[in-house]
Amino acid sequence: MLSKSVVSAILALTTARIVNCIPLESSTEGIRASIRWLPSADKVRGVNLGSQFIIEPWMAHDEWTSMGCGNANDEWQCVQALGQSEADAAFKKHWDSWTTQEDITQIKSLGLNTVRIPVGFWIREDLVQQGEYYPKGGLEYLDRLVGWCADAGLYVIMDLHGGPGVQFPNQQYTGHGVDYPGFYTKDNYERAYKFLEWMTERIHTNNNYRNVGTLEVINEPVHAGDYGSLAADMIANYYPTAWTRIRNREDKLGVAQNDRIHIQMMDQSWGSGDSKSHLPDTTFALYDDHRYYKWDGSVPTTKDGYISAACKDNRGGNDLIVGEWSISVADSVQFNDEFQIKDRPDQVDWYKKFWAAQAHTFEKSGGWVFWTWKCNWIGGMDEWRWCYQSAVAAGAIPKDAGSAASLSPC
């Protein structure tokens, strides 16, 4: 996700068409489920497992400090500062404890049916080049995590959140904050394609991955307004080639047409261009929309303004999932008397309405995935406007994720 400094349905597979769906509860028949989808009227209702495999210190302050990463801006800087061996030990402790099986059980109990797992390309360690600094050893924890999700009956979106060379400047979510995005080159595209092919094969051959049904080819790339030529190159070259490489790998594996994964790209609303414009095919394509009213300067920064904006919004069709959103409000007002949450239990009811208005609107499309499940102190407080787990504990998000329509003020 974009940090504070930046302003800015799952589809079911049937023999001949795409319909709304919920994830198949689970299957252990053979090496993987032969049918992944059950038609249903339900929408995607999920949470991101942010900071599990790419730590964003702004939302995990105490965790970051306990790892010894101190003032490091990102994972790259932490590995550089600690040295590879010490960093690997610190990250392994984090990977083992940040998201537990109890978390997955709780996610399921709250009526959620999906998790989105952000990962960096470096989780496939042979893609890391000399002079790059990333933690090693995360794959076994990813394997374990997706297995827990499958056992719980949760659908998984696997998200290439941090690309080779960095796809967006000065963002912790890329794993390495740099001034200029280096992702948009032939060599770095090739590393990303290799990651996607490898993950596609893992999804189709490793039983732990049996509920991974969507593979997102890159998270939050550059905006066309800032990096026009880079965005255009991605639309014309990276997206269609990524699509082809994934489908070719599925052909090589003999994957049936109705058992192919969904391939996800950022929606045109993100501002990089029309991601579908150069694709060789759009069968089982999905689009990712990140809708943060917090950073939309056109939204009046009042309680009525936020509710009105959410209620009037229209994000797109069933092939679009709002893959990131929160109940946070603009930096300029988040701590004023109207919106402050610290020591203000009286604010909970309004934030529940804001949650419901957004979730209800997003369910007019394919559904939603909240950013994020868990935080570890933001700005020295339990900032539940970003953290689903603690928002539920505070009463600002209901214990039934499917209740948005009945609670919505729209």
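Throughout what follows, the structure given in this document is the object of discussion. (Residues numbered from 1 in each chain as written. Predicted model: local features only at pLDDT ≥ 70, side-chain atom pairs only at ≥ 80, totals over all residues. Heavy atoms only, no water.)

Details of the overall build of the chain
Part 1 of the reasoning: The helix and strand tally for the chain stands at eleven helices and eleven strands.
Part 2 of the reasoning: At 20 Å, the chain has a C-alpha radius of gyration in line with the 22 Å of a compact globule built from 410 residues.
Part 3 of the reasoning: Its C-alpha atoms put the chain at 60 × 50 × 45 Å along the principal axes.
Part 4 of the reasoning: Accessible surface, the chain: about 14900 Å² in total, of which carbon and sulfur atoms supply 47%.
Part 5 of the reasoning: Side chains of the chain give 37 positive and 52 negative charges; the mean places of these two sets differ by 3 Å. (Helix = DSSP H or I, 4+ residues; strand = E, 2+ residues; numbered from the N terminus. Rg over C-alpha atoms; globule rule 2.2 N^0.38 Å. Areas by Shrake-Rupley, 256 points an atom, 1.4 Å probe, with all protein chains shown as cover. Lys, Arg positive; Asp, Glu negative; His and termini not counted. Charge placed at Lys NZ, Arg CZ, Asp CG, Glu CD.)

Regarding the packing of aromatic side chains
Remark: the centre distance and the inter-plane angle together describe each pair of aromatic rings, the angle taken between the planes.
Part 1 of the reasoning: For the structure shown, the criterion picks out 36 aromatic pairs.
Part 2 of the reasoning: Ring centres of W95 and Y141 lie 5.9 Å apart, and the angle between their planes is 45 degrees; on these two criteria the pair is classed as tilted. In this pair, W95 sits in helix α3 (residues 84–97) while Y141 sits in helix α5 (residues 139–152), placing the two residues 46 residues apart along the sequence.
Part 3 of the reasoning: According to the relative accessible area criterion, W95 is buried, its value standing at 3%. (Phe/Tyr/Trp six-rings, centres within 6.5 Å; stacked < 30°, edge-to-face > 60°. Buried < 20%, exposed > 50% of the residue type's maximum accessible area, 1.4 Å probe, protein only.)

Describing the environment of Q167
Part 1 of the reasoning: If you trace the backbone, Q167 turns up in the loop between β6 (155–162) and α6 (186–205).
Part 2 of the reasoning: Sequence spacing of Q167 and W371 is 204 residues, and the spatial spacing of their C-alpha atoms is 20 Å.
Part 3 of the reasoning: Leaving out residues up to four positions away in the same chain, Q167 has contacts with H161, G162, Y173, T174, P181, F183, Y184, I218, N219, E220, P221 and V222.
Part 4 of the reasoning: Reaching out from Q167, the side chain makes a polar contact with the backbone oxygen of H161 at a distance of 2.7 Å. (Contact = heavy atoms within 4.5 Å. Polar contact = N/O pair within 3.5 Å; in protein donor to acceptor, adjacent residues only side chain to side chain.)

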